[in-house]
Amino acid sequence: MNFNTALIVAGTILLTIGGSLCQLDECGQAPLNNKIFGGEAATAGAWPWQVSLRISCDGELCYCGGSLINKDWVLTAAHCLQGFDTSNIKMYFGRLRRSGLNPHETNRTASRSIVHPSYNSSTHDNDIGLIQLSSPVTLTDYIRPICLAAAGSNFSAGTETWVTGWGKLQSGGPFPDLLQEVQVPIVSNSDCNNAYGGLITNNMICAGLIKEGDKGSCQGDSGGPMVSRNGSLWVQSGIVSFAGVKCDDPRYPGVYTRVSHYQDWITTNIASNPPRFVEFNNNGFRSSLNLFLFSISLTFSIIPFTFSLYRSF
């Protein structure tokens, strides 16, 4: 093997590593989203993991949100699924408007739905569920999965998050036609527990503007995602669970299911092609750092190996 051939071998290996890393980073990418702050109607493709759930209940339509976590599964709230047959669920992906034309949209029915076995409808504890799609969705710039917060993640008070959905703009108000987005900070569990008089468990995470109100999740947003960003990568920290007595009451922050507490449960129920979990600690995503260090380490181990091949021939 000559020197040029050795370099080609090394280059091929490194390109393979790079391609693998790109595949691992597929989740949490929103190439059409340049949002930094605010709260308003979303634009097409800004939140490509957002799912609209329509559920037939008692002859009417009930609405919930959800998030695409891989091409076959949707994550949502348990209370959106409990008591309903899987055949009654229809999911819409790439949707911006509740009605009218959505040129980037596709839809699926459900082949299976799973409610957490310890879900408590009285306390909202373990308010998490999974839906398996009838067939995989094709990923585009408008339809992409979200990364999930891994066990051990820490979203400290003040961490900025985004909540999206087609829920009411205010308590008792109408439903919007366009997907809405709002930025709210994480509220500590102790402050949130004080606001709710002891109802908050460790399986919950809270966010909102306690003294200001008017921003956060509301009726119709249930099951939808709460996400945070580091650079271009987004990770889901919460699932919309409940929003207190009134969703625009400044005394009550929104309450979300803490996704990081359910990594084992999610991966156990999704046997093949599990979603990607990323550990978030306010200083970045550990898994991304580990992948980078791994690639650097592997690179420096390949180079000596390549030159040893060259010397052998």
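Let me begin by describing the structure that accompanies this report. Note that the coordinates shown come from a computational prediction; the quantities given were computed from them, not determined experimentally.

About the thresholds
- Residues numbered from 1 in each chain as written.
- Predicted model: local features only at pLDDT ≥ 70, side-chain atom pairs only at ≥ 80, totals over all residues.
- Heavy atoms only, no water.
- Helix = DSSP H or I, 4+ residues; strand = E, 2+ residues; numbered from the N terminus.
- Buried < 20%, exposed > 50% of the residue type's maximum accessible area, 1.4 Å probe, protein only.
- Contact = heavy atoms within 4.5 Å.
- Areas by Shrake-Rupley, 256 points an atom, 1.4 Å probe, with all protein chains shown as cover.
- Disulfide = S-S within 2.5 Å.
- Polar contact = N/O pair within 3.5 Å; in protein donor to acceptor, adjacent residues only side chain to side chain.
- Core = buried A, V, L, I, M, F, W, Y, C linked by side-chain atoms within 4.5 Å.
- Pairing = 2+ DSSP bridges.
- Axes fitted to C-alpha atoms, helices over the stretch in contact; angles between N-to-C directions.
- Phe/Tyr/Trp six-rings, centres within 6.5 Å; stacked < 30°, edge-to-face > 60°.
- Lys NZ or Arg CZ within 6 Å of the ring centre and 35° of its normal.

Each helix and strand in the protein was counted, giving 4 helices and 15 strands. Counting all 313 residues of the protein, 47% fall into the buried class. Excluding contacts between residues fewer than 6 apart, the proportion of contacts in the protein whose partners are at least 24 apart in sequence is 69%. Just so you have it, the protein exposes about 14400 Å², and 53% of that area is on carbon and sulfur atoms.

Let's shift gears to the state of the cysteines. Counted according to the given criterion, the structure contains 3 disulfides. Paired through a disulfide, C64 and C80 show a sulfur-sulfur distance of 2.1 Å. Linking C64 and C80, the disulfide has an S-S dihedral of approximately -85° and is accordingly described as left-handed. You can see C64 sitting in strand β3 (residues 60-70) and its partner C80 sitting in the loop between β4 (73-76) and β5 (89-93), a full 16 residues away along the chain. For C80, a relative accessible area of 1% gives the class buried.

Its place among the elements puts W47 in the loop between β1 (39-41) and β2 (50-57). W47 sits 49 residues away from L96 along the chain, and the two C-alpha atoms are 9.3 Å apart. Side-chain polar atoms of W47 contact the side chain of E181, separated by 2.7 Å.

Another aspect to go through is the nonpolar core. With 44 residues, the main nonpolar core has W47, I69, V74, L75, M91, F93 and I266 as its most contacted residues. Excluding its chain neighbours within four sequence positions, the residues that come into contact with I69 are V74, L75, L130, P145, I146, L148, I266, I270 and P275. Core analysis: the second largest hydrophobic core is formed by 17 residues, C147, V182, V184 and I186 among them.

Right, let's talk about the side chain of E181 for a bit. The topology assignment puts E181 in strand β10 (residues 180-187). The exposure class of E181 is buried, given its relative accessible area of 3%.

Moving on to the pairing of β4. Here is the key point about a regular strand: its side chains alternate between the two faces of the sheet. The two faces of β4 match: W73 and L75 on one face and V74 and T76 on the other face are all buried. One ladder, built from 3 bridges, connects β3 with β4; its direction is antiparallel. When the bridges of β4 are listed, L68 appears paired with V74. Counted along the chain from β3 to the antiparallel partner β4, the turn is 2 residues long. Two elements, β4 and strand β7 (residues 129-133), share 4 bridges in a ladder whose sense is antiparallel. The partner of V74 across the bridge, within β7, is I131.

On to the sheet that holds β5. Pairing is antiparallel around the closed barrel formed by 6 strands, whose spatial order is β2-β3-β4-β7-β6-β5. Averaged over all pairs of adjacent strands, the angle between strand axes in this sheet comes to 40°, irrespective of strand direction.

Two aromatic rings are characterised by how far apart their centres lie and by the angle between their planes. This structure, assessed with the given rule, holds 8 aromatic pairs. Summarising the aromatic geometry, the rings of W49 and W234 are spaced 6.2 Å apart at their centres and angled 50° between planes, so their arrangement reads as tilted. Linking W49 in the loop between β1 and β2 with W234 in strand β13 (residues 233-242), this pair joins segments that are 185 residues apart in sequence. Across the pair, exposure class does not vary: W49 and W234 are buried alike. Feature note: the residues W47, W49, W162 and W234 constitute an aromatic cluster, connected by ring pairs. In this structure, R54 is placed above the aromatic ring of Y92, and the distance from its NZ or CZ to the ring centre is 5.5 Å.

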